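Coordinate inspection notes
Given next are the chains, with one letter for each unit.
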Amino acid sequence: LTRYALRLGLTVAAAHLLARVLHVSRGLWIVTTVLLVLQPSAGQTRRRGLERLAGTIAGGVVAALLGVLLQDRLAMALAMFPLAVLAVTLRPVHY
């Protein structure tokens, strides 16, 4: 076993246990985040975690703004479509 594999296994198990103990309704997302963020080196993990945090905050701000500015469902869908395309386009850059 490599150190990374051991760290990944223990961290995924801890994330799963935490989700179960806290009765998180969608606890799989905690485990998924661990799998996506944890990298072989601490520096890479830190960078990936900060990128994920920044992306989550930015997405929340954009969603809140769209929710306030666009009351019509069609207008909201039309605004979200190019954002979804942008997200899928940029995904290979960081993941």
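Calculation notes
- Residues numbered from 1 in each chain as written.
- Predicted model: local features only at pLDDT ≥ 70, side-chain atom pairs only at ≥ 80, totals over all residues.
- Heavy atoms only, no water.
- Helix = DSSP H or I, 4+ residues; strand = E, 2+ residues; numbered from the N terminus.
- Buried < 20%, exposed > 50% of the residue type's maximum accessible area, 1.4 Å probe, protein only.
- Contact = heavy atoms within 4.5 Å.
- Areas by Shrake-Rupley, 256 points an atom, 1.4 Å probe, with all protein chains shown as cover.
- Salt bridge = Lys/Arg side-chain N within 4 Å of Asp/Glu carboxyl O.
- pLDDT = per-residue confidence, 0-100.
- Axes fitted to C-alpha atoms, helices over the stretch in contact; angles between N-to-C directions.
- Parallel < 35°, antiparallel > 145°, perpendicular 65-115°, else oblique.
- Left-handed = near helix turned anticlockwise from the far one by under 90°.

The next subject is the overall build of the chain. When its secondary structure is counted, the chain shows 4 helices and 0 strands. Mapped in sequence order, the helices and strands of the chain form the string α-α-α-α. Principal-axis analysis of the C-alpha atoms places the extent of the chain at approximately 50 × 35 × 15 Å. Every one of the 95 residues in the chain was classed for burial, and the buried ones make up 13%. Of all intrachain contacts in the chain linking residues separated by at least 6 positions in sequence, the fraction that spans at least 24 positions is 36%. Counting every atom, the chain has about 7500 Å² of accessible surface; 73% of that belongs to carbon and sulfur.

Within the fold, Ile30 resides in helix α2 (residues 28-37). The exposure class of Ile30 is partly exposed, given its relative accessible area of 28%. Through-space distance from the C-alpha of Ile30 to that of Ala19 is 7.1 Å; in sequence the pair is 11 residues apart. With sequence-adjacent residues up to four places away left out, Ile30 is seen in contact with Ala15, Ala19 and Val24.

Tallied over the entire structure, the rule returns 1 salt bridge. Note that Glu51 and Arg47 form a salt bridge whose closest N and O atoms lie 3.8 Å from each other. Of the two residues, Glu51 and Arg47 are both situated in helix α3 (residues 42-69); the distance of 4 residues between them amounts to about one turn of the helix. When its relative accessible area of 27% is taken as the criterion, Glu51 is described as partly exposed. What makes Arg47 partly exposed here is its relative accessible area of 46%.

Located in the positive-phi region is His23, a residue other than glycine, with phi close to 55 degrees. Mapped onto the fold, His23 is located in the loop between α1 (3-21) and α2.

In low-pLDDT regions, the fine details of the predicted coordinates are not to be read closely. Looking at the chain as a whole, its pLDDT mean stands at 92, while 97% of the residues score no less than 70. The secondary structure element of the chain with the lowest average pLDDT is helix α4 (residues 73-94), at 88, and the one with the highest is α1, at 96.

Let us now look at the packing of α1 against α2. Contact geometry of α1 with α2 gives a least axis separation of 8 Å together with a crossing angle of 160 degrees. With respect to α2, the axis of α1 lies roughly antiparallel. Taken as a pair, α1 and α2 cross one another with a handedness that is right-handed. Only Ile30, Val31, Val34 and Leu35 of α2 make contact with α1, whose side of the interface consists of Leu8, Thr11, Val12, Ala15, His16 and Ala19.

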